[in-house]
Amino acid sequence: MDETVGSMSSRRLTDESVFTELSNKGFCFLPSYLPSEQVKTLVAAARRLHPPWSDLPPEQLPPSGTLPNPNAFPSKSAGFPFEEPCLNHAVVDPDTISLAKRWLGTEQIRMRGSGCSVRYPGFVDSTGRHVDGFSLLPIKSANRNHNHLKFWYYLSDVESEMAPTSFWPTQWDEDGPHVVGDEQKITGSAGSLVVFSILTYHSRNNFTQTNGERYVLTVRWGRHDHPWEGQSEYVMSGNNPAFSDFVGNLAPNTRELFHFPPIGHPYYTEKTLRDLETKYPGWDANDKYRVAIAANGNTQL
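Remember, it's a predicted structure, so these values are computed and weren't measured experimentally. Residue numbers here run from 1 along each chain, matching the order of that chain's written sequence. Note on the predicted model: pLDDT of at least 70 is required for a residue's local features to be given, and 80 or more for side-chain atom pairs to be given and counted; whole-chain, interface and lining totals, by contrast, use all residues. Only hydrogens and water are set aside when side-chain values are computed; all heavy atoms of the structure are taken into account.

A few words on the packing of aromatic side chains. Two rings from Phe, Tyr or Trp (for Trp, the six-membered ring) form a pair when their centres sit within 6.5 Å of each other. Planes less than 30 degrees apart are called stacked, planes more than 60 degrees apart edge-to-face, and all others tilted. Scanning the entire structure with this criterion turns up 14 aromatic pairs. Measuring from ring centre to ring centre gives 5.9 Å for phenylalanine 19 and tryptophan 103, while their planes differ by 70 degrees; the resulting arrangement is edge-to-face. Separated by 84 residues along the polypeptide, phenylalanine 19 in helix 1 (residues 16–25) and tryptophan 103 in helix 4 (residues 94–104) bring together distant segments of the chain. By the burial criterion, phenylalanine 19 is buried, and tryptophan 103 matches it. Plain terms: the ring middles of tryptophan 53 and tyrosine 120 are 5.9 Å apart, the flat faces sit at 40 degrees to each other, and that makes the pair tilted. Here tryptophan 53 is found in the loop between helix 2 (36–49) and strand 2 (75–79), whereas its partner tyrosine 120 is found in the loop between strand 3 (109–119) and strand 4 (149–154), with 67 residues between them in sequence. By the ring-pair criterion, three or more aromatic residues cluster together here, those being Phe260, Tyr267, Tyr268, Tyr280, Trp283 and Tyr289. Geometrically, a charge over a ring is one whose NZ (Lys) or CZ (Arg) sits within 6 Å of the ring centre while staying within 35 degrees of the ring normal. Across from the ring centre of tyrosine 33, 3.8 Å away, lies the NZ or CZ of arginine 12, which sits over that ring. Positioned above the aromatic ring of tyrosine 201, the side-chain terminus of arginine 129 is 5.8 Å from the ring centre. By definition, any uninterrupted DSSP run of H or I lasting at least four residues is a helix, any uninterrupted run of E lasting at least two residues is a strand, and each is numbered from the N terminus. Each residue is assigned to one of three classes by its accessible area relative to the maximum for its type, calculated with a 1.4 Å probe on protein chains only: buried under 20%, partly exposed between the two thresholds, exposed over 50%.

What follows is the structure, given as structure tokens:
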């Protein structure tokens with residue numbers, strides 16, 4: 001099921017319908033969202049960062065008739081801060097920040113990552129449907145305030161054979177995020193915007209067209225008081241078995257040095273402790289977290 005593209009979106013990020021759609025399915029698509037003059041400026045900047053397909057020297061092209069390994073060339077990305085000032089300013093759009101604050105339930109938010117990427121013909125990915133997570137804490141027990149809100153601007157026209165991203169309507173309950181609807185492959189014109197939670201199910205698609213390129217500018221916002229969430233390779237270490245063993249055997253006050261919340265933090269409940277003990281065996285071997293939970297009466301997430 002593809003989203004269709006029409007005239008410039010009549011909805012803005014501050015509209016109630018956008019927040020409602022995010023709450024109902026975890027993502028919202030706004031076709032042709034950016035003003036045309038801003039689109040021209042941003043597209044030109046993206047093409048200076050990453051050359052279009054037609055400008056690539058022959059030695060950089062993948063071999064004819066073969067596909068590269070997942071996430072290898074032909075996919076490139078530049079991270080924030082960008083050499084192009086207009087891209088830096090685009091990520092701090094006031095409406096973007098306003099929606100992120102409302103979604104995350106706090107005025108105190110922080111940028112968790114931003115990038116400008118391109119994909120060329122031959123891009124292939126085998127990751128499949130997934131959620132990102134980006135947290136040291138288990139996402140199974142995550143609620144809406146324990147994740148990031150991501151804004152994804154198309155800086156080129158993206159058709160169905162040009163590696164569009166697919167999204168699945170996603171809801172959250174005590175068992176974590178789960179799919180509640182059919183796949184929606186998001187195609188759109190340059191300037192279109194997708195807003196989604198990183199706990200929304202999505203997947204990459206292959207670039208099967210034989211020419212062209214797909215440019216995307218992204219930014220993610222998270223809560224200031226959740227330092228255990230982010231985009232860095234360190235935060236992703238939560239999925240590393242050696243790191244899990246290391247953290248599970250640390251003293252609680254030592255864990256704080258690695259961005260885990262302290263004993264007594266509202267995050268900790270009987271349920272989240274069970275999840276933590278699965279992810280980090282030995283987490284509460286001395287029952288210090290459970291004693292604090294009992295003292296605070298914080299038994300429910």
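Resuming the write-up.
So, on to the packing of helix 7 (residues 270–279) against helix 8 (residues 288–296). The axes are straight lines fitted to the C-alpha atoms, using for helices just the contacting stretch, and the angles between their N-to-C directions are given from 0 to 180°. Contact geometry for helix 7 and helix 8: axes closest at 10 Å, N-to-C directions at 170 degrees. One finds that helix 7 runs roughly antiparallel with respect to helix 8. Facing helix 7, whose interface residues are Glu270, Leu273, Arg274 and Glu277, helix 8 presents Tyr289, Arg290 and Ile293. A per-class count over the contact of helix 7 with helix 8 returns three nonpolar, no polar and four charged. If an angle is under 35 degrees, it is roughly parallel; if it is over 145, roughly antiparallel; if it lies from 65 to 115, roughly perpendicular; otherwise it is oblique. Contacts are residue-level and defined by heavy atoms, with any inter-residue pair within 4.5 Å sufficient. Polar here means any residue outside two lists: the nonpolar Ala, Val, Leu, Ile, Met, Phe, Trp, Tyr, Cys and Pro, and the charged Asp, Glu, Lys and Arg; Gly therefore counts as polar.

What follows is about the environment of isoleucine 198. Position of isoleucine 198 relative to the elements: it lies in the loop between strand 9 (193–197) and strand 10 (202–203). Separated by 68 residues in the primary sequence, isoleucine 198 and histidine 130 have C-alpha atoms spaced 9.6 Å apart.

Let us now look at the pairing of strand 9. Counting buried residues in strand 9 gives five out of five residues, a clear majority hidden from the surface. In strand 9, alternate side chains face the same way, and those of Leu193, Val195 and Ser197 on one face and Val194 and Phe196 on the other are all buried. Strands were regarded as paired on the criterion that DSSP finds at least two bridges between them. As defined by bridge partners, strand 1 (residues 27–30) adjoins strand 9 across four bridges and the pair is classed as antiparallel. By the bridge assignment for strand 9, phenylalanine 27 is matched with phenylalanine 196. Pairing between strand 4 and strand 9: five bridges, direction antiparallel. Of the residues in strand 9, the one forming a bridge with leucine 149 is serine 197.

So far we have only geometry, and geometry alone does not tell us how the molecule works.
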